[in-house]
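Observations on the model geometry
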Protein chains: 2
Amino acid sequence: MSVTIKDVAKKANVSYSTVSRILNNLPGYSEETKLKVEKVIEELGYQPNAIARGLIKQKTKTLGVLVPGVSDLFVSEILDGIEEQARIMGYNVMICKTKNRTKDYLQTLYENRVDGIIMVSVMLNEETYKEIVSKEIPVVNVAAKSNYSEIPFINIDEFKASYEAVTYLIDKGHQNIGMVSGTKGDNREKGYKLAMKNANLEIFENMIVYGDYHFESGISSMKKLLMYFPEMTAVFCVSDEMAAGVLSYLYQQKIRVPENISIIGFDNTSTAKKAIPPLTTVAQPLYAMGQSAVQLLVTPELINNKTFPHLIVERETVRKL
Amino acid sequence: MSVTIKDVAKKANVSYSTVSRILNNLPGYSEETKLKVEKVIEELGYQPNAIARGLIKQKTKTLGVLVPGVSDLFVSEILDGIEEQARIMGYNVMICKTKNRTKDYLQTLYENRVDGIIMVSVMLNEETYKEIVSKEIPVVNVAAKSNYSEIPFINIDEFKASYEAVTYLIDKGHQNIGMVSGTKGDNREKGYKLAMKNANLEIFENMIVYGDYHFESGISSMKKLLMYFPEMTAVFCVSDEMAAGVLSYLYQQKIRVPENISIIGFDNTSTAKKAIPPLTTVAQPLYAMGQSAVQLLVTPELINNKTFPHLIVERETVRKL
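As the structure is a computational prediction, the values presented were derived from the model and not from experiment.

1. Let's talk about the overall build of chain A
- Broken down by element type, chain A carries 13 helices and 12 strands.
- Dimensions of chain A, computed from the C-alpha atoms along their principal axes, are close to 75 × 40 × 30 Å.
- Residue burial in chain A is summarised as follows: out of 321 residues, 57% are buried.
- Considering only intrachain contacts with a sequence separation of at least 6, the fraction spanning at least 24 residues in chain A is 71%.
- Between the mean site of the 37 positive side-chain charges and the mean site of the 37 negative ones, chain A shows a separation of 1 Å.

Next comes the structure, spelled out in structure tokens:
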């Protein structure tokens, strides 16, 4: 029977995770521990290449990233995390902007024999999903809940994050809270609805409008909301880009934020800090999520938690009523 | 002697460019012309693969793009143009964010046998330059003047664009014009200086401050300018990101734009239209420049002009004095 990482850990009297970290040149142990583990590895004749899916298949030291047509800033912060972690672990990264060509680009990545594929916020269709499972290259989806359970994902708890964003507005005294939503019936919308319900606030149809997560749709959504729901004092936007569109429309209309209307966004991309006024928003730890995606591909045994913490970042667009 | 594209053009009684467009599935000819040219190609036994550097070497139908750590929005619009043109011409695109790893990533692209490489705003060092010329893969640099003349580039006339931006402010009655510059002595700074000189306006050292093209440096630069040069009525910023930082700082200081200070930016990325107030800026046609980069790699004979027109986009940050 071949020697396992557990045997090494036991004999060296360190944890499984420590051995794996040492094998993958990750930080988090003393030089002394490293020497001890390396000695045991040699004594037992352990073959480090067998520890992880990604490492078994390593050929090109290249990871492929598929990025759809979502907000570039959102993607860009995830990519920075991916790049940094890949660099630490000795991998190069090839990025493909897929738009509607996911299948084409998967093929390109397969032909280039990448060691693993990270999809950023990709919704898979049946055909593409089947193609992915038929290959033996590890895949992970970041910032999207996979619609197929076989594909691991890294995400925040979107339902809880939205619930807390809306509750934050309610705690500030707001009762007439509009929503600029993105996808009908998704977890962000469910979070809004439950928060309103738990505060005994009624929701009418005119209080929710839909955009496509981008700036321009924030403008048109706010225009609608102001017509449909003029009594509103606060708006929850499910992306910072749409919140920026909302701010832009309100500026045009000479409606002051937060004096007349409070706004909370979602994502905490660089748009939020650049907004005028700076935008209060729900932070997703995009950089860290990108880093973890690389770890999950290369050293899956080190990743315990794929749900990342969210956080409300208070800036200047929400006031107490 | 083998049949050339010129022979085809002559016999079909169409231009060289038309034949090349047809061969590369580009638009710009009638169905009738297409049929005629295809007939001549068959008659003469012309081998279309020989027409262009890129096409001669075509192996993988993949182009590599090297992107450094410049503003993501700036790069993103160039990338969209690259993607679209590549899609039309049947190529896939692999993007590498290089940061300080240009040489590593060049190697990765070579190993993946890309048919051509597009560098976005990359300043080459001697070593990397030598590596590029030693390989026989076509390369083009977009949105940067190549420091080595052997490498073709696609750019605007930065000197002229800056000259016109500053002249625009002068024509609006401004005389005390500060500059948030990026690179000491570059063409943008030279354009500013000549515009001031030609209007008989003196330039003092305290009127120019330096940032790194990013948002945060716009904030710190404006802070300095307000201290050093309190009499200024207008500021020329060499990137929209820095202009957004300037707007943010002025908002904090309750200094109104354009009532108290006028601002003009550079690039016309999506930051400009999203700014509050929307930013007047010098547009670079980034999308079209990205498209042309692909054409220059794949069908260099179709590209006559590598200098793109700039344009002042008037929004709401400049007022007449």
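2. So, the pattern of salt bridges
Residue and element names in this part refer to chain A.
- Per the counting criterion, the structure on display carries 26 salt bridges over all chains.
- Of the charged contacts in the structure, one is a salt bridge between glutamate 314 and lysine 172, with a shortest N-O distance of 3.9 Å. In this pair, glutamate 314 is assigned in the segment after β12 (311-313) and lysine 172 in the loop between α8 (158-171) and β6 (177-181), connecting sequence segments 142 residues apart.
- Glutamate 314 gets classed as exposed once you look at its relative accessible area, which sits at 52%.
- Under the relative-accessibility criterion, lysine 172 is labelled partly exposed at 23%.

3. Considering the interface of chain A and chain B
- Across the contact, 34 residues belong to chain A and 34 residues belong to chain B.
- With both chains or domains summed, chain A and chain B bury close to 3,200 Å², and 52% of this area falls on carbon and sulfur atoms.
- Looking at the side of chain A facing chain B, the largest losses of area belong to A:Met94, A:Lys97 and A:Ile276, adding up to 20% of the total buried there.
- Run the count over chain A and chain B and you get six salt bridges.

4. Some details on the relation of the copies chain A and chain B
- Rotating chain A by 180 degrees and moving it 0.1 Å along the rotation axis overlays it on chain B with an RMSD of 0.1 Å. What the rotation and shift describe, once combined, is the action of a two-fold rotation axis. Of every C-alpha in chain A, the one belonging to A:Ile95 sits nearest the axis of rotation, 2.3 Å from it.
- Interface overlap between copies is the fraction of interface residues in one copy that are interface residues in the other; for chain A against chain B it reaches 100%, indicating a shared surface.

5. Some details on the domain arrangement of chain A
Residues and elements named next belong to chain A.
- For chain A, the domain assignment lists domain 1 (5-56), domain 2 (62-157 + 286-309) and domain 3 (158-283).
- Between the C-alpha centres of domain 2 and domain 3 there is a distance of 29 Å.
- Taken together, the contacts link 11 residues of domain 2 with 13 residues of domain 3.
- Between domain 2 and domain 3, the buried area comes to about 900 Å², and carbon and sulfur atoms account for 52% of it.
- Across the domain 2-domain 3 interface, the total number found is zero salt bridges.
- Inspection of the domain 2/domain 3 interface yields five residue pairs in polar contact (both at pLDDT 80 or more).
- Residue assignment for the side of domain 2 that touches domain 3 shows that the elements contributing at least two residues are α5 (72-88) and β5 (153-156).

6. Examining the pairing of strand β4 (residues 139-142) of chain B
Residues and elements named next belong to chain B.
- The side-chain alternation of β4 yields two buried faces, one formed by Val139 and Asn141 and the other by Val140 and Val142.
- Handedness of the β-α-β unit built from strand β3 (residues 116-120), helix α7 (residues 126-134) and β4 comes out right-handed.
- Pairing geometry for β4 and strand β5 (residues 153-156), over two bridges, is parallel. Paired with asparagine 141 across the strands is phenylalanine 153, a residue of β5.

7. Considering the sheet that holds strand β7 (residues 208-210) of chain B
All names here are of chain B.
- A sheet is described by the order of its strands in space; here six strands give the open sequence β7-β6-β8-β9-β10-β12, paired in mixed fashion. With one partner strand each, in any of the chains shown, β7 and β12 (311-313) form the two edges of the open sheet. With direction set aside, neighbouring strand axes in the sheet form an average angle of 20 degrees.
- Bridge analysis of strand β6 (residues 177-181) against β7 gives three bridges, and the strand direction is parallel. Counterpart to valine 180 in the pairing with β7 is valine 209.

8. Here's the deal with the packing of helix α1 (residues 5-12) of chain A against helix α2 (residues 16-23) of chain A
Residues and elements named next belong to chain A.
- At a closest axis distance of 8 Å, the pairing of α1 and α2 adopts a crossing angle of 110 degrees. Comparing the axis directions of α1 and α2 gives the class roughly perpendicular. Contacts from Ile5, Lys6, Val8 and Ala9 in α1 reach Tyr16, Val19, Ser20 and Leu23 in α2.
- Tallied by class, residues from the contact of α1 with α2 come to six nonpolar, one polar and one charged.

9. Points about unusual backbone geometry
- Residues A:Ile276 and A:Pro277 are joined by a peptide bond in cis, for which omega reads -10 degrees.
- Within the secondary structure layout, A:Pro277 lies in the loop between α12 (270-274) and β10 (280-283).
- Here the bond from B:Val257 into B:Pro258 is cis, since omega is 5 degrees, no more than 30 degrees from zero.
- Here B:Pro258 is to be found in the loop between α11 (240-252) and β9 (262-267).
- Unusually for a residue other than glycine, A:Ser121 sits at a positive phi of about 55 degrees.
- By the element assignment, A:Ser121 lies in the loop between β3 (116-120) and α7 (126-134).
- One non-glycine residue, B:Lys254, lies in positive phi territory at about 55 degrees.
- In this structure, B:Lys254 sits in the loop between α11 and β9.
- Residue class for B:Lys254 comes out exposed when judged on its relative accessible area of 73%.

10. Some thoughts on the side chain of A:Thr98
- Counting through the fold element by element, A:Thr98 comes out in the loop between β2 (92-97) and α6 (102-111).
- The contact partners of A:Thr98, leaving out residues within four places of it in the chain, are A:Leu66, A:Val67, A:Pro68 and A:Tyr105.

11. Concerning α1(A)
All names here are of chain A.
- Of the positions making up α1, those classed as buried are Ile5, Val8, Ala9 and Ala12. Taken end-on, α1 shows its buried residues confined to a sector of 95 degrees, consistent with a single buried face. Exposed side chains of α1 directed beyond 90 degrees from the buried face belong to Lys6 and Lys10.
- Positive phi appears at asparagine 13, one or two residues downstream of α1, with a value of about 60 degrees.

12. Here we look at the packing of aromatic side chains
Residues and elements named next belong to chain A.
- Under the counting rule described, the total for this entry stands at two aromatic pairs over all chains.
- Each ring, one from phenylalanine 236 and one from phenylalanine 266, has its centre 6.4 Å from the other, and the planes form 50 degrees; the classification is tilted. One end of the pair, phenylalanine 236, is in strand β8 (residues 234-237); the other, phenylalanine 266, is in strand β9 (residues 262-267), and 30 residues separate them in sequence.
- The class of phenylalanine 236 is buried, set by a relative accessible area of 0%.
- Looking at phenylalanine 266, the relative accessible area reads 0%, which means it is buried.
- Over the ring of phenylalanine 266 we find arginine 188; its NZ or CZ atom is 3.9 Å from the centre of that ring.

Scoring rules and cut-offs
- Residue indices follow the written sequence of each chain, beginning from 1 at its first position.
- All chains are assigned letters beginning at A, and all ligands numbers beginning at 1, according to the order in which they are written.
- Per-residue local features of the predicted model are confined to residues with pLDDT of at least 70, and side-chain atom pairs are confined, for both listing and counting, to 80 or more; whole-chain, interface and lining totals are unaffected and use all residues.
- Side-chain metrics rest on all non-hydrogen atoms present in the structure, leaving aside hydrogens and water.
- In DSSP terms, a helix is any run of H or I states spanning at least four residues, a strand is any run of E spanning at least two, and both are numbered starting from the N terminus.
- Partly exposed residues are those whose accessible area sits between 20% and 50% of the maximum for their type, while under 20% is buried and over 50% is exposed, using a 1.4 Å probe and protein chains only.
- A contact between two residues is defined here by any heavy atoms of the two lying within 4.5 Å.
- His is not counted here, nor are the chain ends, while Lys and Arg score as positive and Asp and Glu score as negative.
- To locate a charge, take atom NZ for lysine, CZ for arginine, CG for aspartate or CD for glutamate.
- Each reported salt bridge corresponds to a side-chain nitrogen of Lys or Arg within 4 Å of a carboxyl oxygen of Asp or Glu.
- Accessible-area loss on putting two parts together, using a 1.4 Å probe and summing over both, is the definition of buried area adopted here.
- Overlaid copies result from least-squares superposition on C-alpha atoms, with residues included only where pLDDT is at least 70 in both.
- Each domain's extent is set by a domain assignment, obtained either automatically or from a database.
- Each polar contact in these results corresponds to two N or O atoms within 3.5 Å; when the atoms are within protein, one needs to be able to donate a hydrogen and the other to accept it, and residues that are neighboring in sequence are counted only if both atoms are side-chain atoms.
- By the criterion used throughout, a crossover qualifies as right-handed when its path from the first strand across the helix to the second strand runs clockwise, the strands pointing away from the viewer.
- Two strands pair if DSSP finds at least two bridges between them.
- Simply put, an axis is a line fit to the C-alpha atoms, just over the touching stretch for a helix, and the angle between two N-to-C directions goes from 0 to 180 degrees.
- Roughly parallel means an angle under 35 degrees; roughly antiparallel, over 145; roughly perpendicular, 65 to 115; everything else is oblique.
- Classification used: nonpolar for Ala, Val, Leu, Ile, Met, Phe, Trp, Tyr, Cys and Pro, charged for Asp, Glu, Lys and Arg, polar for all others including Gly.
- Directions pointing from the helix axis toward each C-beta atom define the arc.
- Side-chain rings of Phe, Tyr and Trp, where Trp is taken by its six-membered ring, are said to pair if the distance between their centres is within 6.5 Å; with planes under 30 degrees apart they count as stacked, over 60 as edge-to-face, and otherwise as tilted.
- As a reminder, the over-ring test applies to NZ of lysine and CZ of arginine, requiring each to be within 6 Å of the ring centre and within 35 degrees of the ring normal.

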